[in-house]
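Read off the chains here:
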Amino acid sequence: MSLVERDLQVIWHPYTQMKTAQPPIPIVRGEGTCLYAEDGKKYIDAISSWWVNIHGHSHPYIAKKIAEQLLQLEHAIFAGFTHPGAVELAERLLAILPSNQAKAFYSDNGSTAIEVAIKMCLQYWHNKGEQRTKIIAFKNAYHGDTFGAMSVSGRSAFTAAFDSLLFEVEFIDLPNADNIKSIKSLVSSIKTEVSLFIFEPLVQGSAGMIMYDAKYLDELMAHCRREGVLLIADEVFTGFGRTGKSFACNHVETQPDIMCFSKGLTGGTMAFGLTTCTQDIYDAFLSDDKMKTLFHGHSYTANPVACAAALASLDLFLEPSTQQNIDRIAAKHAVFAEKVKGHTSLKTTRQTGTILALEWETGNNTSYFSSLRDKLYHYFLNAGIILRPLGNIIYILPPYCITDEELNYIYTTIEQALNDI
Ligand SMILES: *Cc1c(COP(=O)(O)O)cnc(C)c1O
């Protein structure tokens, strides 16, 4: 039996409609920006394998650091114990995060980093003896697939089967010049019941790379701060350079109370989650009273191998050439966006840093399930490019090591698709 035949016997893939699914493509090797299939076909990974990869596949430096760590210490319990990698990673990350971030809490992935953040805020108020259980989040938000993360995400086809079980959230519009006043007065009107405001800074990834102005986010954050609402910045996607700066929160003045990271944290090599918070949040749990403890801990908390991968990725991230690559990709995206702007097949283009999104003209069928999505997906796969559209929106967010040649090939293929589809 082939690998694909065996897969179809035993595997349940994520986000796959079972009856009509195409067989998966067997990938056996990765190098630089590319993934290689069993039959030798090469694919440019233009979406960084679901947005996680930042330095390229099977990076030899990260691989070497992981191998060394595995032979030194593969894992140790993190309740009551510590190890060098966990401490060094926290020290080095806190040094480059907004200056109010003081403590690091490790978990397993983006969704768990969000769960931890939500629990920190809810229990912060609980420990202070205040009854605050309301949550504010953006419409169309995506914060993960576990129940708490799903609860603070926009209601959609993805959550429909569970809607009645999700906790209540006040969903607000993305802020702009027209609505910022009314959003602020809404926040003020419910502030005594509100525990937290959670948001994806600057770019709502899963919603379709929806982008909004740092200026109004900052105004809203500052308002929440004044009104005593805790701020959770979900940088699971935007962290580590995607928006042009190291973190999306570097585009605003107001500092969040809590930040969540995953995806790029290990450079895309392995699952890992991190939630950081201020000293003030931490202090609300610092007590002789056992009931004030944050009772949350995953078996693999602060796994040393994941810490080694994150430290190696951070070494590469802080090399000047990485920021140069980020700037190079952003500049090339801007030139391409300008070139295709106004094409009759395009509704609009938008860009933040290394993220470029192109919205296809569809007439009226814009849902995630539209057939246009499948057509686009297969068009690019045939051309050896992985671009996984969100409905009628295609987006490029490559590993930063992508070459000009590879970028140009993606752009040319998109131009062809604009004419062909
Ligand atoms: C992907 C994502 C998550 C969830 O991360 P997982 O590691 O997939 O659980 C949370 N928030 C945002 C903004 C994301 O893009």
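Here is what the cut-offs are and how they apply
- Residues numbered from 1 in each chain as written.
- Predicted model: local features only at pLDDT ≥ 70, side-chain atom pairs only at ≥ 80, totals over all residues.
- Heavy atoms only, no water.
- Near = heavy atom within 4 Å.
- Polar contact = N/O pair within 3.5 Å; in protein donor to acceptor, adjacent residues only side chain to side chain.
- Areas by Shrake-Rupley, 256 points an atom, 1.4 Å probe, with all protein chains shown as cover.
- Nonpolar A, V, L, I, M, F, W, Y, C, P; charged D, E, K, R; others polar.
- Helix = DSSP H or I, 4+ residues; strand = E, 2+ residues; numbered from the N terminus.
- Expected span 1.5 Å × (residues − 1).
- Buried < 20%, exposed > 50% of the residue type's maximum accessible area, 1.4 Å probe, protein only.
- Patch = residues over 30% accessible without salt bridge, like charges linked within 9 Å, V, L, I, M, F, W, Y side chains within 5 Å.
- Salt bridge = Lys/Arg side-chain N within 4 Å of Asp/Glu carboxyl O.
- Phe/Tyr/Trp six-rings, centres within 6.5 Å; stacked < 30°, edge-to-face > 60°.
- Lys NZ or Arg CZ within 6 Å of the ring centre and 35° of its normal.
- Axes fitted to C-alpha atoms, helices over the stretch in contact; angles between N-to-C directions.
- Parallel < 35°, antiparallel > 145°, perpendicular 65-115°, else oblique.
- Left-handed = near helix turned anticlockwise from the far one by under 90°.
- Contact = heavy atoms within 4.5 Å.
- Pairing = 2+ DSSP bridges.
- Core = buried A, V, L, I, M, F, W, Y, C linked by side-chain atoms within 4.5 Å.
- Domains from an automatic or database assignment.
- Buried area = accessible area lost by both parts, 1.4 Å probe.

Looking now at the site of the ligand. Around the ligand, a shell composed of W51, N109, G110, S111, Y142, H143, G144, E200, D234, V236, F237 and K263 is seen. Separating an oxygen atom of the ligand from a side-chain N or O atom of S111 is a distance of 2.6 Å. When isolated, the ligand has an accessible area of 380 Å², and the protein chains bury 84% of it. For the shell around the ligand, the per-class residue count stands at 4 nonpolar, 5 polar and 3 charged.

Counted at 1.5 Å a residue, the expected span for helix α10 (residues 304-317) with its 14 residues is 20 Å, and the 19 Å between its end C-alpha atoms agrees. Across the 14 residues that make up α10, a large majority, 13, are buried. The N-cap residue of α10 is N303: its side-chain oxygen and the backbone nitrogen of V305 are 3.1 Å apart.

Glancing now at a nonpolar patch on the surface. A surface patch of nonpolar side chains, about 290 Å² in accessible area, is lined by Y15, W50 and F158. Relative to the assigned elements, W50 resides in helix α2 (residues 48-51). By relative accessible area, W50 is classed as partly exposed at 40%.

Take the packing of aromatic side chains next. What describes a pair of aromatic rings is the distance from one ring centre to the other and the angle between the planes of the rings. Tallying each qualifying case throughout the model produces 17 aromatic pairs. By the ring-pair criterion, three or more aromatic residues cluster together here, those being F138, F197, F199 and Y212. Of note, R29 hangs over the ring of Y36, and the distance from its end group to the ring centre comes to 4.2 Å. Here R373 stacks its cationic end above the ring of Y377, 5.1 Å away from the centre of that ring.

For the pair helix α3 (residues 60-72) and α10, the least separation of the axes is 9 Å and the interaxial angle reads 150°. As summarised for this structure, α3 and α10 are arranged roughly antiparallel, according to the angle between their axes. As for the relative orientation of α3 and α10, their crossing is right-handed in sense. Two secondary-structure elements touch here, α3 through Y61, I62, K65, I66, Q69 and L70 and α10 through P304, V305, A308, A309, A312, S313, D315 and L316. Tallied by class, residues from the contact of α3 with α10 come to 10 nonpolar, 2 polar and 2 charged.

Neither face of strand β2 (residues 34-37) is exposed, since C34 and Y36 on one face and L35 and A37 on the opposite face are all buried. Sheet topology places strand β1 (residues 27-31) next to β2; 4 bridges connect them, and they run antiparallel. Looking across to β2, one finds that I27 is bridged to A37. In sequence, β1 turns back onto β2 through a hairpin of 2 residues, with G32 there showing a positive phi of about 60°. Bridge analysis of β2 against strand β3 (residues 42-45) gives 3 bridges, and the strand direction is antiparallel. Pairing of L35 across the sheet is with Y43, part of β3. Connecting β2 to the next strand, β3, in antiparallel fashion are 4 residues, including G40 with a positive phi near 90°.

Moving on, we get to the nonpolar core. If you look at the biggest cluster of nonpolar residues, it comprises 93 residues, and the most contacted ones within it are F197, M209, L387 and I414. Summarising the domain contributions, this core has at least three residues from each of domain 1 (3-58 + 322-420) and domain 2 (63-317). Not counting residues up to four positions away in its chain, the partners in contact with M209 are W51, V203, Q204, F237, R350, I355, A357, L390, Y395 and L397.

Moving on, we get to the domain arrangement of the protein chain. Domain boundaries in the protein chain define domain 1 (3-58 + 322-420) and domain 2 (63-317). When each unit is reduced to the centre of its C-alpha atoms, the spacing between domain 1 and domain 2 is 27 Å. Domain 1 puts 26 residues into the contact, and the matching count from domain 2 is 25 residues. Between domain 1 and domain 2, a total of about 2300 Å² is buried, with carbon and sulfur atoms accounting for 64% of that surface. Taken together, domain 1 and domain 2 are joined by 0 salt bridges. Our enumeration of links across domain 1 and domain 2 arrives at 14 residue pairs in polar contact (both at pLDDT 80 or more). Put simply, the parts of the chain that give the side of domain 1 that touches domain 2 at least two residues each are α2, α11 (320-340), β13 (346-352), β14 (355-360) and β16 (393-396).

One can find M211 in strand β9 (residues 210-211). Considering only alpha carbons, one finds M211 and L174, 37 residues apart in sequence, at a separation of 9.0 Å.

When you line up the elements, L318 lands in the loop between α10 and α11. Note: C-alpha distance between L318 and F240 (78 residues apart in sequence) is 9.8 Å. Not counting chain neighbours up to four residues away, the residues in contact with L318 comprise R92 and I96.

What follows deals with the pairing of β14. The element β14 is largely enclosed, with a buried count of 6 among its 6 residues. Going residue by residue along β14, you find I355, A357 and E359 tucked away on one face and L356, L358 and W360 tucked away on the opposite face as well. Of the pairings in the sheet, the one linking β13 to β14 comprises 6 bridges and is antiparallel in character. Pairing of T349 across the sheet is with L358, part of β14. Counting the residues in the hairpin turn of β13 and β14 gives 2 residues, including G353, whose phi is positive at 60°.

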